[in-house]
Amino acid sequence: MCGIVGAVSTRNIVPVLVQGLERLEYRGYDSCGVAVYAQDATPGLKRARSTARVAELAEQVATTHLEGTLGIAHTRWATHGAPVVHNAHPHFSHGTGLDAASKPGRIALVHNGIIENHDELRAALQARGYVFDSQTDTEVIAHLVDSLYDGDLFEAVKSALTHLHGAYAIAVFCKDEPQRLVGARAGSPLILGVGKDGQELFLASDAMALAGVTDQIVYLEEGDLIDMQLGKYWLFDKARKPVSPAQRPVKTVVAHSGAAELGPYRHYMQKEIFEQPRAIADTLEGVEGITPELFDQQMNHQPGANAARVFAQIDSVLILACGTSYYSGCTAKYWLESIAKIPTQVEVASEYRYRDSVPNPNTLVVTITQSGETADTLAALRHAQSLGMHHTLTICNVATSAMVRECSLAYVTRAGVEIGVASTKAFTAQLAGLFLLTLCLAQAKGRLSDAEEQRHMKAMRHLPAALQAVLALEPQVMAWADDFASCENALFLGRGLHYPIALEGALKLKEISYIHAEAYPAGELKHGPLALVTSSMPVVTVAPNDALLEKLKSNMHEVRARGGVLYVLADADTRIESGEGLHVIRMPEHYGELSPMLHVVPLQLLAYHTACARGTDVDKPRNLAKSVTVE
Ligand code: G6P
């Protein structure tokens, strides 16, 4: 979703800002822009904006010779106002009066998040003569800061923030103070980067934007405000008390620049699908046995949180997540209830946060999020805490994220940076973390014998090799994708543990190929979706050789009897053969409880190759974002 980069320096900073935007492209955006204080023949605020890709912005910048030592840049994912140039950030204030629009700008600002009271602020500013160029909520902040400016940008921003309701991370500068950058965060992440020479300072929405520029990072906390000048910065907390360096230490954050290279692959999504054996091996590295300490955090801010104590105390699990992470939670429910025998509820975070629910203080609240930034999941966590549920644990792929900081316990998956908007390796890595959690809870409740532990550990160690063997099915999946490319609808069926995998398969297909895809538990077929089945509606069936296979076969007959064409993922030992209207891909093995982690892979490949055949923008599907930092 939206991304921010800003810098105060002594060199021309525009190339660094544009490169930062390139590194943020993976989050998803529909327009972008960069603004500087230009000290050329006509000094003042100057900007370039584009509704095309960052590459086009880079060309504009080069053609217009946009240069400056102080600047901000942004990738926008439209919420208020269409993705058109005049709504793209940075926004400028330009004074008041009839000729306001033609007056040179004074304040330049970029913003992530949503200002909820923007309508009333806009009306008040318009009444004072401010003229608006855009439909965005962001422009309101630029004019508000301008209206409060009296020679001190920091004071003006500080005062402006007291009028804002909603979520924001902002970076702002003023043409009258050409070596000063001010930032603030509330509800959206923001980091400070300290340049190698100690003079150059950066602001960014995530450390990835600064990969290759600096690895010296300070994570701003909720409500923080920062005043930056060349080589110096001052931080203030939400009560506006000065924050000492010990309270927000500079951390060395491993730069992700290498991970962002595409290598021999056509798309990041393809690369990430093929990285799954390594992602799972890394995620499980160092796990020698099942022990609650796996979930104790090194960076834990919450004294007293201790997984062994918590696991012994809790009597149920509440999983909160969005999107693909929600489906990993749905899969984990089957594991938690069948292996650990712990009652488990899985909720879409955006629903849970707004509904009345019955809190149980002995529930373990588990959030699942690859980014650790998803606004709804963070809000759902805080909602659960506000209801008195303080046993919190996250399965997250970003060790430094807000989610890891806000939960007492954590398992940080090591899938590596995921660039493709459609999540793949982060999903299977989450499943690995959730399976470990299941085993730990089973152990804590006395439901895991040593023999069972050994059996599960062996199966987990085999996962990277098993995934590698499944990836070798790619040519067969590509043959399916040829059939799917010309369809407009598809149905996915699964039962039990594989129903969430059918849901994830359908989500992948719709996200990147724009084919309408739905998933059903196969037993529900006769209760509605069977009416849709015709020869032009492919039906994908996840059919491992488990206790439900015979029932699933009956469902498949129901489809064939209506002329439906079946695409079946069967296990090595399942007796289902290809034939008229029945296409079978046989998985190399039978995987027992871990089967969902393997069966999802051909479905990821199916979505990927179908999207390629349809010529869509696989890594950046229309209207979608990687990090959903607004609700
Ligand atoms: C977006 C992404 C999905 C992701 C979901 C939840 O919709 O496009 O790939 O599953 O957000 O994100 P999270 O970071 O919380 O897992």
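If you're wondering where the values come from, they're calculated on a predicted model, not measured in any experiment.

Rules of the game
- Residues numbered from 1 in each chain as written.
- Predicted model: local features only at pLDDT ≥ 70, side-chain atom pairs only at ≥ 80, totals over all residues.
- Heavy atoms only, no water.
- Core = buried A, V, L, I, M, F, W, Y, C linked by side-chain atoms within 4.5 Å.
- Buried < 20%, exposed > 50% of the residue type's maximum accessible area, 1.4 Å probe, protein only.
- Helix = DSSP H or I, 4+ residues; strand = E, 2+ residues; numbered from the N terminus.
- Contact = heavy atoms within 4.5 Å.
- Pairing = 2+ DSSP bridges.
- Axes fitted to C-alpha atoms, helices over the stretch in contact; angles between N-to-C directions.
- Near = heavy atom within 4 Å.
- Polar contact = N/O pair within 3.5 Å; in protein donor to acceptor, adjacent residues only side chain to side chain.
- Areas by Shrake-Rupley, 256 points an atom, 1.4 Å probe, with all protein chains shown as cover.
- Nonpolar A, V, L, I, M, F, W, Y, C, P; charged D, E, K, R; others polar.
- Salt bridge = Lys/Arg side-chain N within 4 Å of Asp/Glu carboxyl O.
- Arc of directions from axis to C-beta.
- Parallel < 35°, antiparallel > 145°, perpendicular 65-115°, else oblique.
- UniProt positions renumbered as here; feature names shortened; annotations may be inferred.

## Observations regarding the nonpolar core
Then step 1. Counting 93 residues, the largest nonpolar core has F295, F311, L364, V366, L441, M460 and F492 as the members making the most contacts within it.
Then step 2. At 12 residues, helix α13 (residues 425–444) tops the list of elements feeding residues into this core.
Then step 3. Among all residues touching F311, those that are not within four sequence positions of it are P292, F295, L364, L393, L409, L437, C440, L441, A444 and K445.
Then step 4. Ranked by size, the runner-up nonpolar core spans 30 residues in total, among them V14, L24, V34 and L66.

## Here we look at the sheet that holds strand β15 (residues 251–252)
Then step 1. The strand order across the open sheet built from eight strands is β3-β2-β4-β1-β10-β9-β11-β15, with neighbouring strands paired in antiparallel fashion. One side of each edge strand has no neighbouring strand; the edge strands of this open sheet are β3 (44–50) and β15.
Then step 2. Pairing between strand β2 (residues 31–38) and β3: seven bridges, direction antiparallel. Bridge pairing in β3 links G33 to R49.
Then step 3. Contacts from helix α1 (residues 14–24) reach β1 (3–8), β2, β4 (70–76) and β10 (201–204) within the one sheet, and its direction differs from that of β1 by about 160°.
Then step 4. Lying on the sheet, helix α2 (residues 54–64) is in contact with β2, β3 and β4; it crosses β3 at an angle near 140°.

## Here's the deal with the environment of H383
Then step 1. With respect to the helices, strands and loops of the structure, H383 is situated in helix α11 (residues 375–386).
Then step 2. Between the C-alpha atom of H383 and that of T344, which follows or precedes it by 39 residues, the distance is 18 Å.
Then step 3. With residues up to four places along the chain from it excluded, the contact list for H383 reads Y352, R353 and R355.

## Overview of the site of the ligand
Then step 1. The environment of the ligand is formed by 13 residues, the closest being S325, T369, Q370, S371 and T374.
Then step 2. Note that an oxygen atom of the ligand is positioned 3.0 Å from one of the backbone N or O atoms of T324.
Then step 3. Residue S371 places a side-chain N or O atom 2.6 Å away from an oxygen atom belonging to the ligand.
Then step 4. For the ligand, the protein covers 92% of the area, taking 390 Å² as the surface of the free molecule.
Then step 5. Residues that form the shell around the ligand fall into these classes: four nonpolar, eight polar and one charged.

## Here we look at the pattern of salt bridges
Then step 1. According to the stated counting rule, one finds 25 salt bridges in the structure shown.
Then step 2. Linking E337 and K333 is a salt bridge whose minimum nitrogen-to-oxygen distance equals 3.7 Å. Of this pair, E337 and K333 are both found in helix α9 (residues 323–338), four residues apart, which corresponds to roughly one turn of the helix.
Then step 3. Residue classification places K333 among the partly exposed positions, given a relative accessible area of 30%.
Then step 4. Across the pair R586 and E577 runs a salt bridge whose closest N-O atoms are separated by 3.7 Å.
Then step 5. Judged by relative accessible area, which is 28%, R586 ranks as partly exposed.
Then step 6. Beyond isolated ion pairs, a larger network of salt bridges with shared partners links D152, E177, R180 and D227.

## Focus on helix α7 (residues 276–284)
Then step 1. Taken together, the buried positions of α7 are occupied by Q276, P277, A279, I280, T283 and L284. Buried positions in α7, seen along its axis, are confined to an arc of 165° and lie on one side of it.
Then step 2. Next to the buried residues of α7 lie α6 (268–274), β20 (409–412), α13, α14 (450–471) and α18 (595–614).
Then step 3. The first or second residue beyond α7 is G286, which carries a positive phi of 85°.

## So, the sheet that holds strand β16 (residues 316–321)
Then step 1. Strand order in the open sheet made by the five strands is β17-β16-β18-β19-β20, with parallel pairing throughout. Both edges of this open sheet fall to β17 (344–348) and β20, since each of them pairs with a single strand only. With direction set aside, neighbouring strand axes in the sheet form an average angle of 20°.
Then step 2. Taken together, the six bridges between strand β18 (residues 363–369) and strand β19 (residues 391–396) define a ladder with parallel strand orientation. Within β19, the position partnered with T367 by the bridge is T394.
Then step 3. Against the sheet, α13 touches β16, β18, β19 and β20, its axis set at about 165° to β18.

## Thoughts on the packing of α13 against α14
Then step 1. Taken N-terminus to C-terminus, the directions of α13 and α14 make an angle of 175°; their axes are 12 Å apart at the nearest point. By the angle class used here, α13 and α14 are roughly antiparallel. Residue-level contacts link F435, L436, L439 and Q443 of α13 to E453, H456 and M460 of α14.

## Brief notes about the UniProt feature "active site" (unreviewed entry) in the protein chain
Then step 1. Mapped onto the present numbering, the UniProt feature "active site" (unreviewed entry) falls at C2 and K626. For this annotated set, covering 625 residues, all C-alpha atoms fall within 9.7 Å of each other, a compact arrangement in space.
Then step 2. Locating C2 in the fold gives a position in the segment before β1.
Then step 3. Assessed through its relative accessible area of 8%, C2 is described here as buried.
Then step 4. Not counting residues within four places of it along the chain, the set of residues in contact with C2 comprises R27, G28, H74, T75, R76, W77, N112 and S205.
Then step 5. By the element assignment, K626 lies in the segment after α18.

## Remarks on the side chain of H94
Then step 1. With respect to the element layout, H94 can be found in the loop between β5 (91–92) and β6 (107–115).
Then step 2. The exposure class of H94 is buried, given its relative accessible area of 5%.
Then step 3. Among the polar contacts listed, one links the side chain of H94 to the side chain of D133, at a separation of 2.9 Å.

## A closer look at helix α15 (residues 474–484)
Note on helix geometry: an α-helix contains 3.6 residues per turn, so any two residues three or four positions apart are oriented the same way.
Then step 1. Along α15, the positions that sit buried rather than exposed are E474, V477, W480, A481 and F484. Down the axis of α15, the sector holding all buried residues measures 115°, keeping them to one side. In this structure, α15 carries P475 and D482 as exposed residues pointing more than 90 degrees from its buried face.

## Some points on the environment of V140
Then step 1. Inspection of the secondary structure puts V140 in helix α4 (residues 138–148).
Then step 2. In this structure the C-alpha to C-alpha distance between V140 and V253, which are 113 residues apart in sequence, comes to 34 Å.
Then step 3. Leaving out residues up to four positions away in the same chain, V140 has contacts with H118, L121, R122, L125 and F132.

## Remarks on the pairing of β10
Then step 1. Burial along β10 is two-sided: L201 and L203 and F202 and A204, pointing in opposite directions, are all buried.
Then step 2. With four bridges connecting them, β1 and β10 associate as antiparallel partners. Looking at β10, one finds that V8 is bridged to L201.
Then step 3. The sheet contact formed by strand β9 (residues 191–194) and β10 spans four bridges and is antiparallel. Each residue of the ladder has a partner; that of G193, found in β10, is F202.
Then step 4. Linking two consecutive strands that pair antiparallel, namely β9 and β10, is a turn of six residues; a positive phi of about 80° is found at G198 within it.

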